[in-house]
Amino acid sequence: KKFRFAIDRGGTFTDVYAECPNGKARVLKLLSEDTSNYTDAPREAIRLILQEELGITMPKDGPLATEHIDWIRMGTTVATNALLERKGQRMALLITKGFKDLLYIGNQARPNIFDLVRQ
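Computed from a predicted model, the values in this text were never measured in an experiment.

A separate point is the packing of aromatic side chains. Counting across every chain of the model gives one aromatic pair. Pairing F3 with F5 gives two aromatic rings, centres 6.1 Å apart and planes at 15 degrees, and the pair type is stacked. Each member of the pair, F3 as well as F5, carries the same accessibility label: buried. Directly above the ring of F13 sits K29, whose terminal nitrogen or CZ lies 5.0 Å from the centroid. Of note, R73 hangs over the ring of W71, and the distance from its end group to the ring centre comes to 3.9 Å.

Structure follows, in structure tokens:
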């Protein structure tokens, strides 16, 4: 059995849940941006957990011991937060003929959104 990682990278914090091969569960929270200590929060969290659980040293800028990892699943709310907070660059969306439904799908303003057989 190998390590399994589930990661939520947010604008402020990155939360990591890890299932260890011995059945132990680990939870770690890091600042998403902390350039004085690491370049990438998800990678750093994985490195820390592997290092502590395996008892081996992995340099911050070196490769991870990926042979010990079964899977990594990661989601992020950074883009969603930027949209909700109206931060980021101005942009435009161009829709060509035949794709006007994208305007409705894009903001999820449609009835029965999860109805797979709706006509």
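On we go.
Looking now at the confidence of the model for the protein. When pLDDT is averaged along the protein, the result is 88; 88% of the residues meet or exceed 70. Looking at the elements of the protein, mean pLDDT is at its lowest for helix α3 (residues 101-106), recorded as 69, and at its highest for strand β3 (residues 25-31), recorded as 98.

Turning our eyes to something else, we now look at the pattern of salt bridges. Going through the model one piece at a time under the given rule, you end up with nine salt bridges. Here R4 and E19 are joined by a salt bridge, their closest N and O atoms 3.9 Å apart. Here R4, found in strand β1 (residues 3-9), pairs with E19, found in strand β2 (residues 13-19); they are 15 residues apart in sequence, far enough to count as distant. Its relative accessible area of 27% is what places R4 among the partly exposed residues. For E19, a relative accessible area of 26% puts it in the partly exposed group. We note a salt bridge from R26 to E52, for which the minimum N-O separation is 2.6 Å. You can see R26 sitting in strand β3 and its partner E52 sitting in helix α1 (residues 41-54), a full 26 residues away along the chain. Salt bridges here are not isolated pairs; linked through shared partners, they connect K24, R26, E52 and E53.

Rules behind the numbers
Residues numbered from 1 in each chain as written. Predicted model: local features only at pLDDT ≥ 70, side-chain atom pairs only at ≥ 80, totals over all residues. Heavy atoms only, no water. Phe/Tyr/Trp six-rings, centres within 6.5 Å; stacked < 30°, edge-to-face > 60°. Buried < 20%, exposed > 50% of the residue type's maximum accessible area, 1.4 Å probe, protein only. Lys NZ or Arg CZ within 6 Å of the ring centre and 35° of its normal. pLDDT = per-residue confidence, 0-100. Helix = DSSP H or I, 4+ residues; strand = E, 2+ residues; numbered from the N terminus. Salt bridge = Lys/Arg side-chain N within 4 Å of Asp/Glu carboxyl O.

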